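# Fold and geometry: a report
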Amino acid sequence: MALSLSSSSGAEERDWLLVSMHVTLSVFYATLSAISCWSMVKRCRRRHATSSMKNKWQIWFHVIFILGCWTRSIYFALVCAKTDIIPKAVDSFLNYFPSYLYFSCYFIVIICWAEIYHSKLSSSSRLTFRVLQIILITVNCCLYLFLVSIAFAYIGEYLSDGVISGTLNFVLILVTISVYFLLAFGFLLYGCLILHKLVSQHNIGVSPTARAVLPRVIGLTLMCTCCFVTRAILMIVTINITVSESYWWADITYYLGLEILPLILMLVLLRVQSTQKQKKPPIEIDDTLKQPLMNPDNIQ
């Protein structure tokens, strides 16, 4: 539906659509946080849930995921309220902070996938995993330090001049684009490596592990890689462009397709479940399919 910006009725309808869109996004993120919270509680209640490092990584995944969803939900709620009194520095921080929290979630998945691939290989391969783990954790910590530094720089410029420098925005966007490309490379690399490991070590037609894990790895690898590359390209294309409010559908299309959908896919594919039933004694499934994409003991 075309909205006329010259008529007052058209402007009112456009404002109503914008508010409805942002309310919908806020509810979506709040719902995702509730689902993740339920999954985390369910995992914590399981026996010895926090006894191993892989389970601790999963707990941290949900904690960071919940914080990111609530921050994003609050951000869109504030956008709906049209709180013009909020400084641009705070607005920018609330906009980028959830993305960096989600970066941590994606880094955790890559670390778990790297452990799946490098486990029970040569000592040099296990050393590669330990080095990669240290590098990813260090990169993640540096990203948070960078974001906090940008936030303080925003506040300093706002208090001194009342305006925000375009240079700071450019640096923040440039770093965010680089992280998207890094995550896309990480998911594509270890997704392909795990697929190769499954195909080489399992009979796809017989192994229940391979049949369950293969489509999940393919789905998550393709979805996350495509979304990361698309978001990076869109940020490059629109780096000097402000999207007009007449495109009321832009935010909901962007966040639903490129952020919420991958997050939902992660929750679905990484959730604790056992979809196959043990029908015959020769095939023991126990915990094999309950957490196939974040448990290195499942794919050997």
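Residues numbered from 1 in each chain as written. Predicted model: local features only at pLDDT ≥ 70, side-chain atom pairs only at ≥ 80, totals over all residues. Heavy atoms only, no water.

### Thoughts on the overall build of the protein chain
We count it as follows: Elements are defined by DSSP. Helices are runs of H or I of four residues or more, strands are runs of E of two residues or more, and each kind is numbered from the N terminus. In this description, accessible areas are obtained by the Shrake-Rupley approach with a 1.4 Å probe, and a residue is regarded as covered only by the protein chains that are shown.
Looking only at helices and strands, the protein chain features 7 helices and 0 strands. Listed N to C, the secondary structure of the protein chain is α-α-α-α-α-α-α in terms of helices and strands. Taken as a whole, the protein chain presents about 15,600 Å² of accessible surface, with 67% of it coming from carbon and sulfur.

### Some details on the nonpolar core
The condition is simple: To qualify as a nonpolar core, a set must consist of buried Ala, Val, Leu, Ile, Met, Phe, Trp, Tyr and Cys residues joined through side-chain atoms within 4.5 Å. Whether a residue is buried, partly exposed or exposed follows from its accessible area with a 1.4 Å probe, protein chains only, as a fraction of its type maximum: under 20%, in between, or over 50%, in that order. The contact criterion used throughout is that any non-hydrogen atoms of two residues lie within 4.5 Å.
Counting 66 residues, the largest nonpolar core has Phe65, Tyr106, Trp113, Phe187 and Met266 as its most contacted members. Contributing elements (two or more residues each) for this core: α1 (8-45), α2 (53-81), α3 (88-118), α4 (123-161), α5 (166-201), α6 (208-237) and α7 (250-269). Looking at which element gives the most residues to this core, the answer is α3, with 19 residues. With residues up to four places along the chain from it excluded, the contact list for Tyr106 reads Leu183, Phe187, Cys224, Phe228, Pro262, Leu263 and Met266.

### Thoughts on the pattern of salt bridges
What counts here: The salt bridge definition used is simple: a Lys or Arg side-chain nitrogen within 4 Å of an Asp or Glu carboxyl oxygen.
Scanning the entire structure with this criterion turns up 2 salt bridges. Of the charged contacts, one joins Arg72 and Glu259 as a salt bridge, the two residues approaching to 3.0 Å between their closest N and O atoms. With Arg72 in helix α2 and Glu259 in helix α7, this residue pair connects regions lying 187 residues apart in the sequence. Here Arg72 matches Glu259 in class, with each residue buried. Taking the shortest distance from any N to any O, the salt bridge between Glu259 and Arg231 comes out at 3.1 Å. Residue Glu259 is found in helix α7, and its partner Arg231 is found in helix α6; the two are separated by 28 residues along the sequence. Arg231 carries the same exposure label as Glu259, and that label is buried. Through salt bridges with shared partners, a single network forms among Arg72, Arg231 and Glu259.

### Overview of α7
Here is the rule: The span you would expect from a helix comes to 1.5 Å times its residue count less one. In this analysis the local bend is the angle between axes fitted, respectively, to the seven residues ending at and the seven residues starting at the residue.
With 20 residues, α7 should cover 28 Å at 1.5 Å per step; its first-to-last C-alpha distance of 28 Å lies within 8% of that length. Leu256 marks where α7 bends most, by close to 40°. All of the buried residues in α7 are Ile252, Tyr255, Leu258, Glu259, Ile260, Pro262, Leu263, Met266, Leu267 and Leu269.

### Side note on a nonpolar patch on the surface
The test is simple: Put simply, a patch holds well-exposed residues, over 30% relative accessible area, that have no salt bridge, with like charges counted together within 9 Å and Val, Leu, Ile, Met, Phe, Trp or Tyr side chains within 5 Å.
On the surface, Phe181, Ile233, Ile236 and Val237 cluster together to form a nonpolar patch covering roughly 360 Å² of accessible area. If one sorts the elements of the nonpolar patch by residue count, α6 sits on top with 3 residues. Within the element layout of this structure, Val237 appears in helix α6.

### Observations concerning the packing of aromatic side chains
For the record, the criterion: Here a pair means two rings of Phe, Tyr or Trp (six-membered ring of Trp) with centres within 6.5 Å. Their orientation is stacked below 30 degrees between planes, edge-to-face above 60, and tilted elsewhere.
The full count for this structure, using the stated rule, is 14 aromatic pairs. Aromatic side chains Tyr106 and Phe228 sit 4.7 Å apart centroid to centroid with 80° between the ring planes, which places their arrangement in the edge-to-face category. Of the two residues, Tyr106 sits in helix α3 while Phe228 sits in helix α6, which places them 122 residues apart along the sequence. For the pair Tyr106 and Phe228, one class covers both residues: buried. One aromatic cluster in this structure is built from Tyr100, Phe103, Tyr106, Trp113, Tyr180, Phe187 and Phe228.

### A closer look at the side chain of Arg72
Overall, the relative accessible area of 0% leaves Arg72 in the buried class. When residues no more than four places from it in sequence are discounted, the contact partners of Arg72 are Tyr29, Leu94, Asn95, Pro98, Ser99, Tyr102, Tyr255 and Glu259.

### A word on the environment of Leu269
Note on placement: Leu269 falls in helix α7. Leu269 sits in the buried class, given a relative accessible area of 11%. Spatially, the C-alpha atom of Leu269 lies 9.8 Å from that of Pro215, the residues being 54 residues apart in sequence.

### Notes on the state of the cysteines
We apply this condition: Cysteine sulfur atoms that pair up within 2.5 Å are treated as a disulfide.
Inspection of every chain in the model, using the stated rule, returns 0 disulfides. This cysteine, Cys105, is not joined by any disulfide, and Cys69 carries the nearest cysteine sulfur, 8.0 Å off.

### Some words on the environment of Val109
Relative to the helices and strands, Val109 resides in helix α3. Between the C-alpha atoms of Val109 and Gln58, which are 51 residues apart in sequence, the distance is 8.8 Å.

### Brief notes about the confidence of the model for the protein chain
The line we're drawing: Confidence scores labelled pLDDT are given residue by residue by the predictor and lie between 0 and 100.
On average, the protein chain scores 77 in pLDDT, and the residues at 70 or more come to 70%. Put simply, α1 is where the protein chain has its lowest mean pLDDT, 81, and α5 is where it has its highest, 89. The model gives residues 272-292 a pLDDT under 50, and that stretch makes 40 contacts with residues more than four places away or in other chains.

### Describing the side chain of Arg231
The buried category is assigned to Arg231, whose relative accessible area is 5%. Ignoring sequence-local partners within four residues, the contact set of Arg231 consists of Ser99, Tyr180, Tyr254, Leu258 and Glu259.

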